[in-house]
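# Remarks on the overall topology
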Amino acid sequence: MQLNKKLGCQTVYQIIKRIKMKKVLIFALVILISGYISAQETKQGAKLPSVNVKTLEGQTFNIQNIDNDGKPIIISFWALWCKPCKKELDAYNDNYEDWRDETGVKIIAVSIDDSRSTAKVLPFVNGKDWEFEVLLDPNGDLKRAMSVNMIPHTFILDGEGNIVYQHTSYYEGLEDEIFELVEKVAAGEDISGKK
Amino acid sequence: MKRLITILIFALLITPFVKGQDFLSKSQVHGSFELDGMYYQADDALGITDSLINGNVFGFNGFADIIYSLGNFSAGFRYEAYLPPIAGFDRNLEGQGFPYLWATYTTEKFSFTVGNFYEQFGNGLTLRTYQEWSLGYDNSINGARVIYEPTRGLIFKGVYGTQRYFWAPFEKNGRGIVKGFDGEINLNDVFGSMADSKIRLILGGSAVSKYQSDQNPMYKMPQNVASFAGRFNLGIGKFNFTSEYAYKINDPSAVNSYIYKPGDALVFTGSYSTKGLGIFAMFKRIDNMSYKSDEAVLSNALDINFLPPIVEPHTYMLAAMYPYATQPNGEMGFQLQINYKIPKKSKLGGKYGMGISVNYSQINDIAREKANDTAYIGQSGTMGWTSDFFKFGDQIFNRDLTIEIDKKFNRRFKSIFKYIYQDYNIATILGHTGEPNVKANIAIVDMTWKFTSKKSIRWELQGLWTSEDKGDWAAALVEYTISPHWFFTIADQYNYGNKHSYEQLHYYTGSFGYTLKTTRFALTYGRQREGVVCVGGVCRQVPASSGFYVTISSSF
């Protein structure tokens, strides 16, 4: 752990030493803070950005148009090459019927596969017999707009379309936690941590 | 540049205050960041000595990406630092700054972007700009983009600008200027009479041009190089077909050794799928289709287009040993994949069903003939070669057969079995001139035992058997996870079949990580074997290393 501490100090030192655009950083910091303030001041969380994605049939579709009649929505980013993502979605699929009966939740899986494999997503999804909706984000436009850095990355939206929770990575059993949160959201509870 | 940034950020900042409190509450800021640090240790067995490291014991890659949005307006930036880049990343990345700055205004029918942007026309055969952090790759266009959707089902895009080249600013007579136009029509959306048709048809076309002034001392260069592509996406019931054909005029470059041949590329896919069954087939042919905005650049940079690979991307340790990289000067191949889910409650399927997936892909060289009697194939300054469109070349670049079975035995126990056969042209793909193709058999067992609702253990056992390259390998991994926060992993890859006993090494790693919502921290200690990391057919070589690797990422 000694080495690791050293690493931390060294890199921070290096950055500070090399940065000449202090002003910019200060501005950036101010933006960040103002962002937090504005997020704190509003009751609702962030909304979905206005970005076009594609359906598995190739139809262009603005993600802002998704709707679930006031019920919660789960949006999960995945790709064919991402094993934990597929495990997560398999786990959702196993539970989807029960979840829908209990909370009316809708699951949308957004594939960030690039053009090497976008055409493979449709037969894969059908082959898996996944029952939820799958959308394509072939050049990562939605991924970028939602600041998705690594996948799996899962969002929970409340009935008004506010992003109230997000999580990256998948470990066995995460689906239970996600569903508990969805139940709270469906019951009108605020889980975003913002008042 | 500095001033621009300052103005931009200042403008972003004051808008909410100027327009009143209401806007403050509607504005949103979100973003993500990641810091990857490496501390190198000497490791004599790997050939890494103190003098080789020579004091450069740290590698550091980091970025922060911030997006600000207010109604129809959004803007953002990404700060990147490579101080110095982690081993295996392009040394040109060393430095720090703001390579990605943008602002977008969107109305119902229009979207305007200035600054850096990422765009893709069709499959990307004529134009695709994207960023891939794990490769250190970014070919964003810095300029302007307009997207126009006059009606549902109709989209036009226009782009204009220059591409990012590490930290080098654009200079007159430097790299090329890229212009592009793309149009797409969804006939089912546009024509009401087709709205409920069983046939779904989307047509698209694009034209891209680069201008680079002729500064080449040897050859007379075409200063404007145009490329065109047409595509369709046709769905008939459970069948789906997509295709794109692209053509590029002569474009002599360092990549194709300055030949004057026009290039073309074809991608065709067909799939049939129904509940529980998916069948996919793909054909691809590329002939002299490297398209960069600087004729002199050989490295992974300044690509205008994207040539999708057709090999199954492997993620298991040993299966990823021999990854394929697209050969832009010529390749043709096909791929077949079947996914089938044996239904629940059947004899084989058991209570949960059983998934089977079979994938085969083969890529050969294209068949090349002399362009004329006096020049050899590929000779600089000539037409290069002629090629029969439907004839496969003799040389195999890559063959891959993958069979995967996944089975859930009961509520707690599930498993994945995988067999892979690979035939890999290490001479062409990795430049190991004169070496024969590597023919490898790989077997993988991956088992997960979920012993409480939150705790589980996963094992991987892997073997790779080949008489070429480094010989046989065995690997094992044990991972313990506590949802939703913790993971602990130990793994070892053992090159027991290496013909040199001093190279029969263990590549062991131990790691743990903690995730809180979208913030993730992971620390790894151990040895990294020499290898290749590929994403989307673009690869970077990673040297062997030993030491600590730490990564912290978050998004908000």
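Computed from a prediction, not measured in an experiment: that's the story for all the values here. (Residues numbered from 1 in each chain as written. Chains lettered and ligands numbered in written order. Predicted model: local features only at pLDDT ≥ 70, side-chain atom pairs only at ≥ 80, totals over all residues.)

### Here's the deal with the overall build of chain A
For clarity, the threshold we go by: Here a helix means four or more residues in a row that DSSP labels H or I, a strand means two or more in a row labelled E, and each is numbered from the N terminus. Two residues qualify as being in contact provided that their C-beta atoms, derived from the backbone, are within 7 Å of each other.
When you go through chain A residue by residue, the secondary structure sums to six helices and seven strands. Helices and strands appear in chain A in the N-to-C order α-α-β-β-β-α-β-α-β-α-β-β-α. Sequence-distant contacts, at least 24 apart, represent 72% of the contacts inside chain A between residues at least 6 apart.

### A few points about the overall build of chain B
Rules: In this treatment the radius of gyration is a C-alpha quantity, and the globule benchmark scales as 2.2 Å times the residue count to the 0.38 power. For every residue, the other C-beta atoms within 10 Å of its own C-beta are counted; 20 or more classify it as buried, 12 or fewer as exposed, and values in between as partly exposed. C-beta atoms are placed from the backbone.
In terms of regular secondary structure, chain B is built from five helices and 28 strands. Here the C-alpha radius of gyration of chain B, 26 Å, is about what a compact globule of 556 residues would show, namely 24 Å. The dimensions of chain B, computed from C-alpha atoms along their principal axes, are 75 × 65 × 55 Å. Taken across its 556 residues, chain B has 41% of its residues classed as buried. For chain B, restricting intrachain contacts to residue pairs at least 6 apart in sequence, the fraction spanning at least 24 positions comes to 56%.

### Quick look at unusual backbone geometry
The amide bond that connects B:L83 to the next residue, B:P84, takes the cis arrangement and shows omega of -15°. Summarising the element assignment, B:P84 is placed in the loop between β3 (73-82) and β4 (95-106). Here the amide bond leading from B:S483 into B:P484 is cis, since omega sits at 0°, within 30 degrees of zero. Tracing the chain through its elements places B:P484 in the loop between β22 (473-482) and β23 (486-494). Although it is not a glycine, A:S147 sits at a positive phi angle of roughly 55°.

### Points about the pairing of strand β8 (residues 141-151) of chain B
Residues and elements named next belong to chain B. For clarity, the threshold we go by: Paired strands, as defined in this entry, are two strands with at least two bridges between them according to DSSP.
As judged from the eight bridges shared by strand β5 (residues 110-117) and β8, these two strands associate in the antiparallel manner. Following the sheet pairing, V114 is matched in β8 by A144. Relative to strand β9 (residues 154-163), β8 runs antiparallel, the two being bridged by nine bridges. Across the sheet, the residue bridging to R145 is V159, located in β9. The antiparallel pairing of β8 with β9 creates a hairpin that spans two residues between the two strands, and G153 there sits at a positive phi of about 95°.

### Considering the confidence of the model for chain A
Close inspection of predicted coordinates is inappropriate for parts of the model with low pLDDT. Residues and elements named next belong to chain A. Operational definition: Confidence per residue, as judged by the predictor, is encoded in pLDDT with a range of 0 to 100.
Chain-level statistics for chain A give a pLDDT mean of 81 and a share of 76% at 70 or above. Across chain A, the secondary-structure element scoring lowest on mean pLDDT is helix α1 (residues 2-18), at 44, and the one scoring highest is strand β4 (residues 106-111), at 97. The model gives residues 1-13 a pLDDT under 50, and that stretch makes 14 contacts with residues more than four places away or in other chains. Between residues 37-44, whose pLDDT stays under 50, and residues either more than four places distant or in other chains, the model counts ten contacts.

### Description of helix α4 (residues 118-128) of chain A
For α4(A), the buried fraction is high: eleven of the eleven residues fall into the buried class. Close packing links the buried residues of α4(A) with β4 and β5 (133-136) of chain A together with β13 (239-248), β14 (263-274), β15 (277-287) and β16 (330-342) of chain B.

### A closer look at the sheet that holds strand β1 (residues 52-55) of chain A
Residues and elements named next belong to chain A. To keep things clear, this is the line we draw: Axes, fitted as lines to C-alpha atoms, cover a helix only where it is in contact. Angles between the N-to-C directions of the axes lie from 0 to 180 degrees.
Pairing is mixed in the open sheet, where seven strands are placed in the order β2-β1-β5-β4-β3-β6-β7. The open sheet has two edge strands with one neighbour each: β2 (60-62) and β7 (163-168). The average angle at which neighbouring strand axes cross in this sheet is 30°, direction not considered. Where strand β3 (residues 73-78) lies against β4, six bridges are found, and the strand directions are parallel. Bridging across to β4, I73 finds its partner in K106. In this fold helix α3 (residues 83-103) packs onto β3 and β4, with an angle of close to 150° to the strand it touches most, β3.

### Digging into the packing of α3(A) against helix α6 (residues 174-186) of chain A
Residues and elements named next belong to chain A. Quick reminder of the rule: Here the angle decides the label: under 35 degrees means roughly parallel, over 145 means roughly antiparallel, 65 to 115 means roughly perpendicular, and every other value means oblique. Should the near helix be turned anticlockwise from the far one by less than a right angle, the crossing is termed left-handed; should it be turned clockwise, right-handed. Gly counts as polar in this scheme, as do all residues outside two lists: the nonpolar Ala, Val, Leu, Ile, Met, Phe, Trp, Tyr, Cys and Pro, and the charged Asp, Glu, Lys and Arg.
Taken N-terminus to C-terminus, the directions of α3 and α6 make an angle of 25°; their axes are 10 Å apart at the nearest point. Between α3 and α6, the angle is such that the two are roughly parallel. Of the two possible hands of crossing, α3 and α6 adopt the one that is right-handed. Judged by residue contacts, E88, A91, Y92, N95, W99 and T103 of α3 engage L174, E175, F179, V182, E183 and A186 from α6. Along the lines of polarity and charge, the residues of the contact of α3 with α6 split into seven nonpolar, two polar and three charged.

### With respect to the nonpolar core
We count it as follows: Each nonpolar core consists of buried Ala, Val, Leu, Ile, Met, Phe, Trp, Tyr and Cys residues. Their C-beta atoms, within 7 Å, join them into a set.
Among the nonpolar cores identified, the biggest contains 81 residues, and A:I74 and A:I156 are the most heavily contacted of them. Not counting chain neighbours up to four residues away, the residues in contact with A:I156 comprise A:P72, A:I74, A:V164, A:Y165, A:L181, A:V182 and A:V185. Core analysis: the second largest hydrophobic core is formed by 25 residues, B:F280, B:M282, B:I363 and B:I442 among them.

### Points about α3(A)
Residues and elements named next belong to chain A. Quick reminder of the rule: To obtain the bend at a residue, axes are fitted to the seven residues ending there and to the seven starting there, and the angle between these axes is taken.
Its maximal kink placed at Y96, α3 deviates by approximately 55°. Of the surrounding elements, those touching the buried residues of α3 are β3, β4 and α6. G104 lies just past α3 and shows a positive phi near 75°.

### Considering the confidence of the model for chain B
Of the residues in chain B, 95% have a pLDDT of 70 or more, and the chain-wide mean is 91. At the level of chain-chain contacts, confidence expressed as ipTM amounts to 0.90, with global pTM at 0.88.

### Considerations on the environment of A:V51
Residues and elements named next belong to chain A. In this fold, V51 is placed in the loop between α2 (22-41) and β1. Judged by the 19 C-beta atoms lying within 10 Å of it, V51 is partly exposed. Considered as a pair, V51 and N95 are 44 residues apart in the sequence and their alpha carbons are 29 Å apart. With sequence-adjacent residues up to four places away left out, V51 is seen in contact with I63, D141, L142 and A145.

### Some thoughts on the pairing of β14(B)
Residue and element names in this part refer to chain B. Where β13 and β14 come together, ten bridges link them in antiparallel fashion. The residue of β14 that forms the bridge with A246 is A265. Of the pairings in the sheet, the one linking β14 to β15 comprises eleven bridges and is antiparallel in character. Within the sheet, the bridge partner assigned to G270 lies in β15 and is A281. Here β14 hands over to β15 after two residues, with G276 in that stretch at a positive phi of 90°.

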